Amino acid sequence: MGPQESNEQAQENATGTGRRALLGAAVLGASGAVLGLSGTARADARHGGRGMKSLPVPTIVAHRGASGYRPEHTLGSYQLALDMGADIVEAGDLVPTKDGHLVCRHEPEIGGTTDVADHPEFADRKTTKVLDGVSTTGWFTEDFTLAELKTLRATERIPANRPHNTLYNGRWEIPTFEEVLQWQEEQTRRRGRQVWIYPELKHPTYFRKLGLGLEERVAKVLRKYGRNKWNSPVILQSFEPTSIQRLNKLVDNPLVVLLSGASTRPWDFVETGDPRTVADLIKPAGLREIASYAQGIGPTLDLVIPKDAAGKLTEPTALVTDAHKVGLVLHPWTLRNENPFLPADFRKGTDADAYGDVFGAYRAYFATGIDGIFTDHPDTGLLAREDFVNG
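Residues numbered from 1 in each chain as written. Predicted model: local features only at pLDDT ≥ 70, side-chain atom pairs only at ≥ 80, totals over all residues. Heavy atoms only, no water.

> Looking at this structure, how should I read the overall build of the protein?
A count of helical and extended segments in the protein gives 15 helices and 12 strands. Here the protein holds 391 residues, and the buried ones make up 59% of them. For the protein, the exposed surface amounts to about 14500 Å²; the carbon and sulfur share of it is 52%. (Helix = DSSP H or I, 4+ residues; strand = E, 2+ residues; numbered from the N terminus. Buried < 20%, exposed > 50% of the residue type's maximum accessible area, 1.4 Å probe, protein only. Areas by Shrake-Rupley, 256 points an atom, 1.4 Å probe, with all protein chains shown as cover.)

Set out below in structure tokens:
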């Protein structure tokens, strides 16, 4: 997910019509390692389209891989997510290098996710930039060549919540998008089933201003590997609706608009003077507009079930029903096992790295009719889905 999610973590247009008709609500492809799912779950009638019948619903999307167990956006995290049986791996928050390559990092600022601070040769690269209106200090991918980035190693982003993940600090390098696509192809061949990925384009407006437009680069790489079609096993997402509209003209992949808090504005709206907020986008008219160029939405979980002042879940909103009425799927984000990231009514104790009643939280969210969910712990999500589907 994008910068919109970092607040939560601090406490911790053209070719679309024909393609949409083919996709129906979404075209998300086959998955494997289904744990005891019923035939109904494996072929949800709402999701027509080739390749959809074997996709479990709700879909378990491994958020940045199995990031509850390994440093995020590493091949180690992606591999573990597949081994656990995740239906889709969010392999790639895509940001560019100085020489125009696409790499996988949560943010362009890499001080918190790599060992760059331990490299004296890059000390002078530390700087302060304004990233989507926020002053941010650190090291940025666009100031490094790919060769330079390859000398760095990934580290755990939230060690206070995941001290066990620090065991793997330094083990993996930063993967490129091309390496992820090659990995996807290899894993598909080895496992005898199609592996699906769910990359996100990060800060498109910011990078376009730097002359590093993301959409064209992503489309070029997808075309190179023949994965730019409506039934290709790559779903593309972004928090900026205009980025998804641009992608809609460049590729035929399934597209998803990410949505943060109701009072927030997508940064491309801020830059272009569009006064609408996310609250406007999730109204029926806003959802109809999104459905004209995308196949799904990725709302924050609070847009599905808001929390009260005490942090406890209240009643579900109409978002699931309204989105389904216009043919959009919903893959909200992000459910994690640790206490600080759970609704207050599902926490157990106060330890920052202790697990709460995450199975109870899954039940509450699944009951709303969402089509899938992003999770840092895909094994837990798969067990929760098994419980939910099989009653």
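> Sorry if this is basic, but what is going on with helix α15 (residues 378-390) here?
Within an α-helix, residues lying three or four positions from one another point in the same direction, as the helix has 3.6 residues per turn. Between its terminal C-alpha atoms α15 stretches 18 Å, which fits the 18 Å expected from 13 residues at 1.5 Å a residue. Within α15, burial applies to Pro378, Thr380, Gly381, Leu382, Ala384 and Arg385. (Expected span 1.5 Å × (residues − 1).)

> Mind showing me how you'd approach the pattern of salt bridges here?
Between side chains of opposite charge, pairing is possible as soon as their charged atoms come close. Taken as a whole and judged by the stated rule, the model has 27 salt bridges. Note that arginine 385 and aspartate 87 form a salt bridge whose closest N and O atoms lie 2.6 Å from each other. Pair noted here: arginine 385 is in helix α15 and aspartate 87 is in the loop between α4 (75-84) and β2 (88-89), with a separation of 298 residues, a long-range link. The burial state of arginine 385 is the same as that of aspartate 87; both residues are buried. Within the structure, one salt-bridge network assembled from shared partners comprises Arg64, Glu72, Asp93, Glu107, Arg157, Glu200 and Lys202. (Salt bridge = Lys/Arg side-chain N within 4 Å of Asp/Glu carboxyl O.)

> Help me understand the sheet that holds strand β12 (residues 372-375) in this model?
Strand order in the open sheet made by the 3 strands is β2-β1-β12, with parallel pairing throughout. Each edge of the open sheet carries a strand with a single partner, namely β2 and β12. For strand β1 (residues 59-62) and β2, the ladder comprises 2 bridges, and the chain directions are parallel. Within β2, the residue paired with valine 61 across the bridge is isoleucine 88. (Pairing = 2+ DSSP bridges.)

> How should I be thinking about helix α8 (residues 214-224) in this particular structure?
Along α8, the residues that are buried comprise Leu214, Glu215, Val218, Ala219, Val221 and Leu222. For α8, the angular spread of the buried residues around the axis is 165°, confining them to a single face. Facing away from the buried side of α8 by more than 90 degrees, the exposed set consists of Lys220 and Lys224. (Arc of directions from axis to C-beta.)

> How should unusual backbone geometry be read in this particular structure?
Peptide bonds are trans in most cases, and residues, glycine excluded, mostly fall at negative phi. Looking along the chain, the bond that leaves valine 57 and enters proline 58 is cis, with omega of 0°. Looking at the element boundaries, proline 58 is found in the loop between α3 (39-42) and β1. Cis geometry is adopted by the peptide bond preceding threonine 334, which originates at tryptophan 333 and carries an omega value of -15°. Considering the arrangement of structural elements, one finds threonine 334 in the loop between β11 (329-330) and α14 (358-366). Of note in this structure, arginine 64 is not a glycine but carries a positive phi near 60°. As for its position among the elements, arginine 64 is in the loop between β1 and α4. The phi dihedral of histidine 73 falls on the positive side, at around 50°, and the residue is not glycine. When you line up the elements, histidine 73 lands in the loop between β1 and α4. The class for histidine 73 is buried, based on a relative accessible area of 0%.

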